[in-house]
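Each chain, letter by letter, is given below.
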Amino acid sequence: MSVTSDPVEQPAEQLVDPQEELLTDHSYDGIQEYDNPLPGWWTWLFIGSFFFSIFYVVYFHMGATGRTIQDQYDQQAARIFELRFAEIGELKLDEATIVQYMNDPKWLSVGKVIYKTNCVSCHGPEGGGLVGPNLTDDHWKNVRKIEDIATVIQDGAANGAMPAWRNRLSHVNQIVLSAAYVASLRGNGATGKSPEGDLIPPWPESKQ
Ligand code: HEC
């Protein structure tokens, strides 16, 4: 702080920097701070965001369903799937259909997206298994025939340790295509959990 006038002529108490009265009473390692008021714009921003947060919670989380970003994303994803699925109609959960789509790279990529979005956390990025079993070897716990994969995805297994996806995947084709993708993982050589369950015969060949 600059004291411009000659200090000799000043009474002693006026030599004290007037701002020093504004210092807070604590000192950390000799560092002190002024007791400045918060700027008005900051205070109003704080008050404003407080009231906005109340509106936000009530409108987005307690109001009608479908308003959260997550819900909107789900709705749009479901709509996109339906548009794409218009081309192939509603698929059947049977052997012929799963084998057909297991050998169809275009639609397998849709199954892959579904797998990457929902299944990786338990079955690993390449299907090697984490919480859930390895989906790439020849041993299976709940699957004897290729169409059993779709049944397990739809209904879950082990009392929900493997969740049921019947209601979470909005379209039956998502079940069929993710089953086809899982079937295609068999033998991909991903490192992962050691085999669990029984040895089953290879998947049927494509008839095409
Ligand atoms: C919360 C973890 C979890 C998620 C997420 C999950 N699974 Fe599973 N999954 C499991 C567990 C655990 C098992 C083993 C159930 C058992 O012991 O019978 C399993 C079993 C399976 C099986 C049967 C394997 C076998 O050996 O019989 C298939 C197929 C399967 N999951 C596919 C999927 C697909 C496809 C998805 C995504 C749409 C998925 N899983 C998501 C945990 C999960």
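Look above for the structure.
Model, not experiment: these values are computed from the prediction.

Considering the site of the ligand
Here is step 1: Taken together, 26 residues sit near the ligand, with Cys119, Cys122, Gly132, Asn142 and Met162 positioned nearest.
Here is step 2: Breaking the shell around the ligand down by element, the ones donating at least two residues are helix 4 (105-118), helix 5 (120-123), helix 6 (146-155) and helix 7 (172-185).

Comments concerning the packing of helix 4 against helix 7
Here is step 1: Relative orientation of the contacting elements helix 4 and helix 7 amounts to 95°, with a least axis distance of 8 Å. By the angle between their axes, helix 4 is roughly perpendicular relative to helix 7. On the side of helix 4, the interface is formed by Trp107, Leu108, Val110, Gly111, Lys112, Ile114 and Tyr115, while helix 7 contributes Gln174, Leu177, Ser178, Ala180, Tyr181, Val182 and Ser184.
Here is step 2: Residue classes in the contact of helix 4 with helix 7 are distributed as nine nonpolar, four polar and one charged.

Quick look at helix 4
Because an α-helix completes one turn every 3.6 residues, residues spaced three or four positions apart along the sequence face the same direction.
Here is step 1: Here helix 4 spans 20 Å end to end across 14 residues, near enough to the 20 Å set by a 1.5 Å rise per residue.
Here is step 2: Looking only at helix 4, the buried set comprises Trp107, Val110, Gly111, Ile114 and Tyr115. Within helix 4, the buried residues cover an arc of 140° as seen down the axis, which keeps them to one side. Along helix 4, exposed side chains directed more than 90 degrees from the buried face belong to Pro105, Lys106, Ser109, Lys116 and Thr117.
Here is step 3: Packing partners of the buried residues in helix 4 comprise helix 2 (69-85), helix 3 (95-102), helix 5 and helix 7.

The rules behind each value
Note that residues are indexed from 1 along each chain, following the sequence as it is written. Per-residue local features of the predicted model are confined to residues with pLDDT of at least 70, and side-chain atom pairs are confined, for both listing and counting, to 80 or more; whole-chain, interface and lining totals are unaffected and use all residues. By definition, a residue lies near a molecule or strand when the C-beta atom built from its backbone is within 6 Å of it. The helix count covers DSSP runs of H or I at least four residues long, the strand count covers runs of E at least two residues long, and both are numbered beginning at the N terminus. Angles run from 0 to 180 degrees between N-to-C directions of axes, and those axes are lines fitted to C-alpha atoms, restricted for helices to the stretch in contact. Should an angle fall under 35 degrees it is called roughly parallel, over 145 degrees roughly antiparallel, and 65 to 115 degrees roughly perpendicular, with every other angle called oblique. A pair of residues counts as a contact when their C-beta atoms, built from backbone coordinates, are within 7 Å of each other. Throughout, the ten residues Ala, Val, Leu, Ile, Met, Phe, Trp, Tyr, Cys and Pro are labelled nonpolar, Asp, Glu, Lys and Arg are labelled charged, and all others, Gly among them, are labelled polar. Here the expected span of a helix is defined as 1.5 Å times the quantity of residues minus one. Whether a residue is buried, exposed or partly exposed follows from its count of other C-beta atoms within 10 Å of its own C-beta, namely 20 or more, 12 or fewer, or something in between, respectively; the C-beta atoms are built from the backbone. What the arc measures is the spread of directions leading from the helix axis to the C-beta atoms.

This is a description of form; function is not addressed.
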